[in-house]
Amino acid sequence: MSILLKVRKAAEVILNPSIIYGKSEYLFIFSHMRSRSSVLSHILGSNEGVCGYSELHRSYSNYMDLMKMKVGLYHELKEDLRGKYVLDKILHNEHVVDNDIFKTVSPKIIFLLRTPESTIKSIINMGREPGMEGYKDPEAASVYYCLRLEEMKRYAALLDGNYFFLESDDLVNSTDYILSELTEWLGLKHHLVSNYIFFNNTGKAGYGDRSDKILAGKVINTEGHPCIEISPNLLQEANSSYVSCREYLRSCSNYYSS
């Protein structure tokens, strides 16, 4: 980033102090890659009550990190953040949300979970794209999935049931019902709908789903990747992690989708 651009962005914040000091709520999606989190975050971000639609690739350890989140969203979306949820999704274990964040600002948390075979095949397929080759190895994809689900369970243990648990397939198969429940849970003035708008970086690398499917502009079912094979041993281990995570998230949550 050039010095001139840094100065310009700093001036924007100085001239618009509500970016930092205006009242906002915080909303995080805890999930894993290829969980349909891009579709969900686009639906949320298309609502007038939510600002954010992508993975910001940052950790949150203190209040300053939350302020940086708001500044970043403002610079990209040029929206007044006052009275809105500011949204990020956390998909990787290297990006963390400290327990102090849960205690100080009480963010809304959505856990989104997808079945292992569909997820791992989708990750492997993503690994065929230029620059994403590290994900095409089935074992690496499975290890990522299992470790990520363990981390999601760890977060759930910190939240005392105060989160919304959503299964990815329900977002596709029971879309209207799920969006109605989320609308009520978040207390949004306008209902969430299955169609969504495109943002500046929709479909671009580093901002979520980069496939053509995100450009559908609505929730769609996908055929999966039947030509991709996963060894039974890997799938068994991943399924064990899935069942454990699913049951834990359901049993602890004060609210889940089905």
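In this report, we go over the structure that sits alongside the text. Just so it is clear, the model here is predicted, and its values are computed rather than measured. (Residues numbered from 1 in each chain as written. Predicted model: local features only at pLDDT ≥ 70, side-chain atom pairs only at ≥ 80, totals over all residues. Heavy atoms only, no water.)

1. Some words on the packing of aromatic side chains
Turning to step 1, where the next piece is worked out: If you walk through the whole model with that rule in mind, you get 10 aromatic pairs.
Turning to step 2, where the next piece is worked out: Ring geometry for Phe-30 against Phe-102: centres 6.4 Å apart, planes inclined by 85°, an arrangement best described as edge-to-face. A residue pair is termed long-range when its members are at least 10 positions apart, and Phe-30 in strand E1 (residues 25-30) and Phe-102 in helix H5 (residues 99-105) qualify at 72 residues. Like Phe-102, Phe-30 is buried.
Turning to step 3, where the next piece is worked out: When the centroid spacing of 4.7 Å and the interplanar angle of 75° are considered together, the rings of Phe-111 and Tyr-163 count as edge-to-face. Placement of Phe-111 in strand E4 (residues 108-113) and of Tyr-163 in the loop between helix H7 (138-158) and strand E5 (164-167) is noted, with a sequence separation of 52 residues between them.
Turning to step 4, where the next piece is worked out: Through successive ring pairs, a cluster of aromatic residues spans Phe-28, Phe-30, Tyr-60, Phe-102, Phe-111, Tyr-155 and Tyr-163.
Turning to step 5, where the next piece is worked out: Between Lys-108 and the ring centre of Trp-185, over which it is positioned, the NZ or CZ distance is 4.4 Å.
Turning to step 6, where the next piece is worked out: Against the face of Tyr-155 rests Arg-154, its NZ or CZ located 4.6 Å from the ring centre. (Phe/Tyr/Trp six-rings, centres within 6.5 Å; stacked < 30°, edge-to-face > 60°. Helix = DSSP H or I, 4+ residues; strand = E, 2+ residues; numbered from the N terminus. Buried < 20%, exposed > 50% of the residue type's maximum accessible area, 1.4 Å probe, protein only. Lys NZ or Arg CZ within 6 Å of the ring centre and 35° of its normal.)

2. Examining the pattern of salt bridges
Turning to step 1, where the next piece is worked out: For the structure on display, the rule yields 11 salt bridges.
Turning to step 2, where the next piece is worked out: Notably, a salt bridge pairs Lys-84 with Glu-79, separated by 3.1 Å at the nearest N-O pair.
Turning to step 3, where the next piece is worked out: Judged by its relative accessible area of 21%, Glu-79 falls in the partly exposed class.
Turning to step 4, where the next piece is worked out: The residue Glu-247 makes a salt bridge to Arg-246 at a minimum N-O spacing of 2.8 Å.
Turning to step 5, where the next piece is worked out: A relative accessible area of 40% means that Glu-247 is categorised as partly exposed.
Turning to step 6, where the next piece is worked out: Residues participating in the shared-partner salt-bridge network are Glu-167, Arg-246 and Glu-247. (Salt bridge = Lys/Arg side-chain N within 4 Å of Asp/Glu carboxyl O.)

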